[in-house]
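Working through the structure, step by step
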Amino acid sequence: MNRYCFLLRVRPDRLDEYRERHAQVWPDMLRALDAAGWRNYSIFAADDGLIVGYVEADDLAAAQAAMARTDVNARWQAEMAPFFTGLDGQPPDEGFVLLRQIFNLDDQLHASGEGPGR
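We now turn to the structure provided with this report. These numbers come from a predicted model, not from an experiment.

Thoughts on unusual backbone geometry
Positive phi, close to 50 degrees, is recorded for Asn40, a residue that is not glycine. Structurally, the position occupied by Asn40 is in strand β2 (residues 39-45). Of note in this structure, Asp88 is not a glycine but carries a positive phi near 50 degrees. With respect to the helices and strands, the residue Asp88 is situated in the loop between β4 (84-85) and β5 (97-99).

Section: the packing of aromatic side chains
Applying the stated criterion to the full structure yields six aromatic pairs. Look at Phe6 and Tyr41: their rings are 6.3 Å apart centre to centre, the planes differ by 45 degrees, and that puts the pair in the tilted class. Of the two residues, Phe6 is situated in strand β1 (residues 2-10) and Tyr41 in strand β2; the sequence distance between them amounts to 35 residues. The exposure class of Tyr41 is partly exposed, given its relative accessible area of 34%. Chaining the aromatic ring pairs together yields one cluster made of Phe6, Trp38, Tyr41 and Phe96. Its guanidinium or amino end placed over the ring of Phe83, Arg14 lies 4.1 Å from that ring's centre, counting from NZ or CZ.

Definitions and cut-offs
- Residues numbered from 1 in each chain as written.
- Predicted model: local features only at pLDDT ≥ 70, side-chain atom pairs only at ≥ 80, totals over all residues.
- Heavy atoms only, no water.
- Helix = DSSP H or I, 4+ residues; strand = E, 2+ residues; numbered from the N terminus.
- Phe/Tyr/Trp six-rings, centres within 6.5 Å; stacked < 30°, edge-to-face > 60°.
- Buried < 20%, exposed > 50% of the residue type's maximum accessible area, 1.4 Å probe, protein only.
- Lys NZ or Arg CZ within 6 Å of the ring centre and 35° of its normal.

What follows is the structure in structure tokens.
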């Protein structure tokens, strides 16, 4: 399972509403994400509107493509788009900045023969 981290920026004046929307994501959206292979998906928000997302997937591009084929994702992205800045006309799930992982504790411990928790 690969780990992915991404950045987005929510308009600070809409951050409270963005948080509220994510407190109760539509059940059909949750099921679609699960079926598309999104695992351990979390979103974090700073008070200035910086959004950091983390997700695990076998292949993020394939998981995104699977979501793009769903009606619920099209509806969700359309509703969420006004919350964001800097998307240049892209939907939020395509307009994020993907970060490259440079360190993982468990990976390095495993590579050294120590293993996690030892």
